Amino acid sequence: MKFPGRRKLKHYFPVSQEKAILPSTEVRPNKDTYIVGLDETIVDVVANIDDAFLEKFAIKKGLSNLIDVDTAQKIYAELMKNNSISDHFAGGTIANTIHNYSVLADDKSVLLGVMSSNIALGSPEYHYVCTTSSKVDMSHLQGVSGDIGRGVTLITPDGERTFAISPGDMDELNENHIPEDIIAGSASLVTCAYPLRHEGKPIKPAMLKALQDAKKHDVPVVLTLGTQHLVEENREELLALIRDYVTVLAMNELEAQALTGHKEPLLAAKVILDDVDMVLLTNGPEGLYLCGHVENSLKRGTSNPIKSDDLVDFNRWEFSRPMKRNLCEKPMKVYSHIDPYMGGPEKIKNTNGAGDGALSALLHDISANHYHKQAVPSSSKHTAPFLAYSSFAQICKYSNRVSYEILAQNAPRLSKGLPEREDSLEEAYWER
C-alpha cells in the first residue's frame, strides 16, 4: 500500500515486515488490503469514419444509438477492415475507478462483472484486459458466451461525434458470482446506479446481493449516481437504496440537483448527509466538495481561509477526519471545498473520467486507513473509529490533483501514479 501524499514519520506503517517471495496476484481476504468494484464491463472504441459509413449502418449522426449485437459485430469488422480504429479504452465508471485506485495505491483491487469466455487476439475484450492495471484481480469475473459491452465513438471529418452502443452480455452478471468472502474482507465496495435501469436483468439482483453482503460485514459502500437522467428516472428507488446501504455517495452537481432539488452544491450536500456518511460532489470548473460527519469533540479547525457561500463559514472544520455518523455521540456536518488544481490544465484534453479519478483518490485514503489500522492498531491515528486516514481538506487536495491528471490527458484512466515530488510545490514543503 503506497500512502497518499507526504506523511509525518510518526504515522508511517512498518516497512520491515517480511514479504512473500512470490506475491499473489489474486486477493487474499484477511491478508490483503483491497477494494471491490462491481460494474457493467464495456470497451470504448474510437474510430474515424465518413458520413457514408453512418448511412450504411443506419446510424443517426450526432446521437447516441443503441444497436444490437449483430450490428455491433458488423460495424467492428468494417472498422477493422478499413483500419479506422484509433483507440481502444477499457471503460465503465467503476472499472475506471478501481483501475485508477490500483495505480495510485500500487495495490490490489477486485473487479466483479462479466467477461467473454473466449477472448480473441485483437478483440475489444483483449484490449479491455490489456488496458487494465495488472493489480486489478479479474479472476472473479463471470464468463459469458457473448461479447461484453461496446461503446463505439464514430468521428466524421467535420468533427461530429456519433455514438453506437451495444450492451452485449454486460448485464448478465448473476448472484452466484458475487463472492461474499471477497466483499467481507475488503476495505470498501464501490458500484454505480446504472444496474437499476435494467429491471429483469441478472445484474440488478447481483448488485443488491453485493450491497447486502457489504452491509452484513460492515464494509463501507461507495455509490456513484451515473447520470442526471438516470437519477431523475429512478429517484425514489435510488433514495431507498442510499438510505439502506450507502456510506459514501459520489456525484456531479447535476446529479445532486436531480436527487435533492437543490441547484447549489452545498445545500444539496447538506440534505444528502441526512442519509449517508460522506458526499463527494464534483462541480466542473468550480472544483469539488467533500462533506461528511465528525464527532463534535473531535472536530479540528482549519488554518485555511474561511469560506462562506450558501452556508456561512462552511469549511471551518475541514481539518477534521471523516467518521460514520452512527459512531458519533454528537455528530456534526463538515464541509470542504477546493478550486481546480493550478486553475485546471491549460488545455483540457478529456473530461471523461475526471470524477472517477477524484473518487479513486478518496477510496485510496479510505483503504490506507484500513491498512494502517491493521498494521499499527495502537497508533494515535486510531483513537476513534475514523472512516479515512486524512482530513476532509487533505482528501480534497488529493482528489483534485488526480482529476487534473485525467483532464490533462486523452484517456479516462491513469497510466502512471502521481509524481513523488510536485514541481508546483515549494521546496520548503518537502523539508518540513
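Every chain is numbered independently, its residues counted from 1 as its sequence is written. Per-residue local features of the predicted model are confined to residues with pLDDT of at least 70, and side-chain atom pairs are confined, for both listing and counting, to 80 or more; whole-chain, interface and lining totals are unaffected and use all residues. Excluded from the side-chain calculation are hydrogens and water; included are all heavy atoms of the structure.

Draft legend 1. Structural detail: the environment of K397. Mapped onto the elements of the fold, K397 is located in helix α12 (residues 392–407). Relative accessibility thresholds used throughout: buried, under 20% of the residue-type maximum; exposed, over 50%; partly exposed, between the two (1.4 Å probe, protein chains only). Classification of K397 by relative accessible area gives partly exposed; the value is 47%. Taking the C-alpha atoms as reference, K397 lies 24 Å from K263; in sequence the two are 134 residues apart. In this text, helices come from DSSP runs of H or I with a minimum length of four residues, and strands from runs of E with a minimum of two, each type numbered from the N-terminal end.

Draft legend 2. Summary view of the sheet that holds strand β2 (residues 42–48). A pair of strands is treated as paired once DSSP finds two or more bridges between them. The strand order β3-β10-β9-β2-β4 describes an open sheet built from five strands, whose pairing is mixed. Because the sheet does not close on itself, it has two edges, and the strands there are β3 (64–66) and β4 (85–90). Here the strands of the sheet are splayed against their neighbours by 20 degrees on average, with no regard to which way each runs. In the sheet, β2 pairs with β4 via five bridges, with the strands oriented antiparallel. Of the residues in β4, the one forming a bridge with V43 is A90. Any two residues whose heavy atoms approach within 4.5 Å are treated as being in contact. Under this scheme, a helix contributes an axis fitted over its contacting stretch, all axes are lines through C-alpha atoms, and angles between N-to-C directions fall in the 0 to 180 degree range. Sheet strands in contact with helix α2 (residues 69–81) are β2, β4, β9 (149–155) and β10 (161–166), and its direction is about 50 degrees off that of β9.

Draft legend 3. Main features of unusual backbone geometry. With phi around 55 degrees, N83 is a residue other than glycine that occupies positive phi space. Mapping N83 onto the fold places it in the loop between α2 and β4. Phi angles above zero are rare outside glycine, and D313 is one such case at about 50 degrees. Inspection of the secondary structure assignment puts D313 in the loop between β15 (288–295) and β16 (331–338).

Draft legend 4. Just the pairing of strand β1 (residues 35–38), in detail. Here β1 shows two buried faces, one formed by I35 and G37 and the other by V36 and L38. Bridge count between β1 and strand β5 (residues 109–112): four bridges; the pairing is parallel. When the bridges of β5 are listed, L38 appears paired with L112. Inspection of the sheet shows β1 paired to strand β11 (residues 188–192) by three bridges, in the parallel sense. Looking across to β11, one finds that V36 is bridged to L189.

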